[in-house]
Structures are given as C-alpha cells and as structure tokens.
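# What the coordinates show
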Amino acid sequence: YQRWQLITDYLQTHPLIDYAWAVDATDVTMVNNPFPHMQPNTLYIGDEPETYESDWLHKQGDDPDFHTFINNHPQQQLLNCGLAGADHKTLLTFTRRIIHMWNDNQIDNTQKWKTGSLGTDMAAANQTAITGSEQSDWTLSHGPHINQIFRTSIGNKHAWWTHKDPEHTRIN
C-alpha cells in the first residue's frame with residue numbers, strides 16, 4: 001500500500017498534471033500512447049481474463065466486507081491495479097480511497113472491531129474502482145483498449161499497455 005501513498009503524495013504536490021498513470025514498476029510496458037485518448041472523469045484500469053469468482057482473488061485476504069463485495073459481484077471482470085490512469089482529480093480520488101480503505105482495515109483489526117485482512121492491494125483497488133463507478137464518481141474503463149491479455153502480448157495491437165508480457169518485461 002506504500003505505493004498508493006507515494007502516488008497520492010506525488011499527485012498532491014503536482015497539481016498541474018492533467019493526466020497520469022500509476023503502473024507497476026518492472027512488468028508494464030507502454031506500447032501505444034494513451035494520453036490523446038483519455039477523457040476527464042474516467043478511471044482507466046487494467047484487467048485480467050478472470051472474474052471475481054477467481055480462486056486467486058478469494059485467497060487475497062480474509063476481510064469479511066471485501067468477500068461480501070466480491071460475492072455480490074461474481075461475474076465482474078477482475079481489474080488489475082498495476083495499470084491505473086485518469087485525470088488528476090479522478091486518479092487522486094481513487095488513490096486516496098484505496099489508502100482510506102487500507103487504513104480503516106488496519107484500525108478495525110488493531111481495535112479488534114472486526115477480524116480480517118484485505119491482503120493485497122488488488123482487493124482494495126477492485127472494490128474502490130467498482131464502488132466509485134457504481135456511485136457515479138467516475139466512469140470506469142477497462143478492456144482490450146487498455147491492455148493486451150494479461151501475461152501475454154496477445155490481443156489488440158492498439159492496446160496502450162502490456163502487463164507481465166514475457167517479451168517486454170524488464171525484470172522477472
């Protein structure tokens with residue numbers, strides 16, 4: 001979760017940035033420039049060929065609120081927060097909400113108000129992205145225009161990013 005704090009701090013100290021992307025540091029490659037295509041109040045995020053029924057996702061922490069959320073959205077495509085971009089205001093709101101969710105979870109566990117950990121930041125990012133979209137805080141955009149099929153270079157040749165593509169990854 002430290003990266004979300006660093007991204008938030010950077011955005012707060014650079015208010016003149018119009019659009020930005022927060023991407024994984026070592027396994028993401030920009031293959032087409034996304035910036036000319038980005039629209040205000042739209043959160044762009046990577047995805048994977050899985051749904052919230054994914055065994056992997058269900059093993060990512062045991063927070064009861066998160067599991068209720070994913071059980072209520074079983075057919076939702078799994079979003080991958082290793083690729084997240086938006087206009088300054090939208091991205092800053094998204095990152096702040098991830099941090100708030102993480103901090104609230106830590107306080108709840110410390111105070112023994114509830115038990116369960118969010119585990120990976122994928123849990124908080126997925127819940128934050130979907131909830132923000134459902135509340136009309138932003139339009140959510142994901143799919144083949146954002147990234148090629150996760151862990152491959154297969155897919156739309158016009159996609160903006162590859163993620164964990166063995167041919168493009170700098171560090172495995």
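No experiment lies behind these values; they were computed from the predicted model shown. (Residues numbered from 1 in each chain as written. Predicted model: local features only at pLDDT ≥ 70, side-chain atom pairs only at ≥ 80, totals over all residues. Heavy atoms only, no water.)

On to the packing of helix α4 (residues 88-110) against helix α5 (residues 121-134). A pair of packed helices is characterised by two quantities: the angle between their axes and the separation of those axes. At a minimum axis separation of 9 Å, α4 and α5 run at an interaxial angle of 125°. Classified by the interaxial angle, the pair formed by α4 and α5 is oblique. The element α4 and its partner α5 pack so that their crossing is right-handed. Of the residues in α5, those in contact with Phe94, Arg97, Ile98 and Met101 of α4 are Ala124, Ala125, Gln127, Thr128, Ala129 and Gly132. By residue class, the composition of the contact of α4 with α5 is six nonpolar, three polar and one charged. (Axes fitted to C-alpha atoms, helices over the stretch in contact; angles between N-to-C directions. Helix = DSSP H or I, 4+ residues; strand = E, 2+ residues; numbered from the N terminus. Parallel < 35°, antiparallel > 145°, perpendicular 65-115°, else oblique. Left-handed = near helix turned anticlockwise from the far one by under 90°. Contact = heavy atoms within 4.5 Å. Nonpolar A, V, L, I, M, F, W, Y, C, P; charged D, E, K, R; others polar.)

Turning next to helix α1 (residues 2-13). Here α1 contains twelve residues, and its C-alpha end-to-end distance of 17 Å stays within 8% of the 16 Å for a straight helix at 1.5 Å per residue. Looking at α1, one finds that the buried residues are Trp4, Thr8 and Leu11. What you see down the axis of α1 is that its buried residues fit within an arc of 65°, all on one side. Along α1, exposed side chains directed more than 90 degrees from the buried face belong to Gln2, Leu6 and Thr13. The secondary structure elements touched by the buried residues of α1 are β1 (19-23), β4 (77-87), α4 and α5. (Expected span 1.5 Å × (residues − 1). Buried < 20%, exposed > 50% of the residue type's maximum accessible area, 1.4 Å probe, protein only. Arc of directions from axis to C-beta.)

Let us now look at the packing of aromatic side chains. In this structure the tally under the stated criterion is eight aromatic pairs. Ring centres 6.0 Å apart and planes at 85° place the aromatic pair Phe94 and Trp138 in the edge-to-face group. Here Trp138 lies in the loop between α5 and β5 (139-141) and Phe94 lies in helix α4, a separation of 44 residues in the sequence. Grouping residues by exposure puts Phe94 and Trp138 together as buried. One aromatic cluster is present, formed by Trp21, Tyr44, Trp160 and Trp161 through successive ring pairs. (Phe/Tyr/Trp six-rings, centres within 6.5 Å; stacked < 30°, edge-to-face > 60°.)

Close contact between α1 and α4 brings their axes to 9 Å; oriented N to C, the two are set at 145°. Both α1 and α4 take part in a crossing whose hand is left-handed. The segment α1 lies against α4, with Trp4, Gln5, Ile7, Thr8, Leu11 and Gln12 engaging His88, Leu91, Leu92, Phe94, Thr95, Arg96, Ile98 and Ile99. When grouped by side-chain class, the residues that make up the contact of α1 with α4 number eight nonpolar, five polar and one charged.

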